Amino acid sequence: MTHDELFIKIERAIERDPTRALEEAVRLLAAEVPVYTWVGIYLLDGDELVLGPFVGKPSPHTRIPLGRGICGAAATEKATIIVDDVNADPRYLACSIETKSEIVVPIMLRGDVLGEIDVDSDRPAAFNDADRRLLERVAALLAPRVRRPKPKPDLKPDVKQVH
Ligand code: SME
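Criteria and cut-off values
Residues numbered from 1 in each chain as written. Predicted model: local features only at pLDDT ≥ 70, side-chain atom pairs only at ≥ 80, totals over all residues. Axes fitted to C-alpha atoms, helices over the stretch in contact; angles between N-to-C directions. Helix = DSSP H or I, 4+ residues; strand = E, 2+ residues; numbered from the N terminus. Parallel < 35°, antiparallel > 145°, perpendicular 65-115°, else oblique. Left-handed = near helix turned anticlockwise from the far one by under 90°. Contact = placed C-beta atoms within 7 Å. Near = placed C-beta within 6 Å. Nonpolar A, V, L, I, M, F, W, Y, C, P; charged D, E, K, R; others polar.

Trainee: Tell me what's going on with the packing of helix H1 (residues 3-16) against helix H2 (residues 21-32), and back it up with residues and numbers.
Mentor: In a pair of packed helices, the angle between the axes and the distance between the axes together describe the arrangement. Viewed as axis vectors pointing N to C, H1 and H2 meet at an angle of 150°, and their least axial separation amounts to 9 Å. It follows from the interaxial angle that H1 and H2 lie roughly antiparallel. In this structure, H1 meets H2 at a crossing whose hand is right-handed. Along the contact surface, H1 presents Leu6, Lys9, Ile10, Ala13 and Ile14, while H2 presents Ala21, Glu24, Ala25, Leu28 and Glu32.

This is the structure:
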């Protein structure tokens with residue numbers, strides 16, 4: 001299946017069930033692209049990335065502070081990061097001993113990072129510009145469907161009207 005065909009398949013699955021958009025995107029990416037060994041979505045909650053739906057081995061990194069990992073770097077830089085050799089990148093937080101390369105794509109709406117798509121591969125240098133384009137299109141498709149965390153209560157004191 002080409003990346004264009006896969007994108008359309010993801011789009012249709014999301015149209016069928018918008019409430020499961022994130023789960024469907026992760027499921028189809030992992031099912032249709034053999035080198036995508038681990039596919040997951042992290043959602044931004046305050047200054048932490050919290051693991052949402054994923055396919056692959058359970059990760060020890062269920063909460064990643066923004067300053068840490070390739071995931072934290074992509075969210076901070078608001079840019080896709082491709083790492084051809086994770087073991088040569090000091091930012092890398094290991095998830096599985098078999099992982100060789102990784103791509104992290106921010107999910108953004110109107111300039112704000114809401115989360116990110118994280119894909120690991122057991123193959124070195126598995127990700128190229130075509131993967132970047134596919135995953136950035138999927139991120140844009142998901143962005144309006146990501147629920148923002150509840151806003152913190154307003155701490156401003158009540159303004160009383162004085163007559
Ligand atoms: N490798 C990521 C951590 C998440 S796991 O890959 C699932 C990182 O360096 O941020």
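Trainee: Can you explain the packing of H1 against helix H4 (residues 129-142)? Please cite residues and give values.
Mentor: In the contact formed by H1 and H4, the axes pass within 10 Å of each other and the chain directions differ by 15°. By the angle class used here, H1 and H4 are roughly parallel. The hand of the H1/H4 crossing is right-handed. From H1, His3, Leu6, Phe7, Ile10, Glu11 and Ile14 reach across to H4, where they touch Ala130, Leu134, Arg137, Val138 and Leu141.

Trainee: Explain the site of the ligand residue by residue, including any values.
Mentor: Surveying the vicinity of the ligand reveals 14 residues, the closest of which are Gly69, Ile70, Cys71, Leu93 and Cys95. In terms of residue count, the dominant contributor to the shell around the ligand is helix H3 (residues 69-77) (three residues). Residue composition of the shell around the ligand, grouped by class: seven nonpolar, four polar and three charged.

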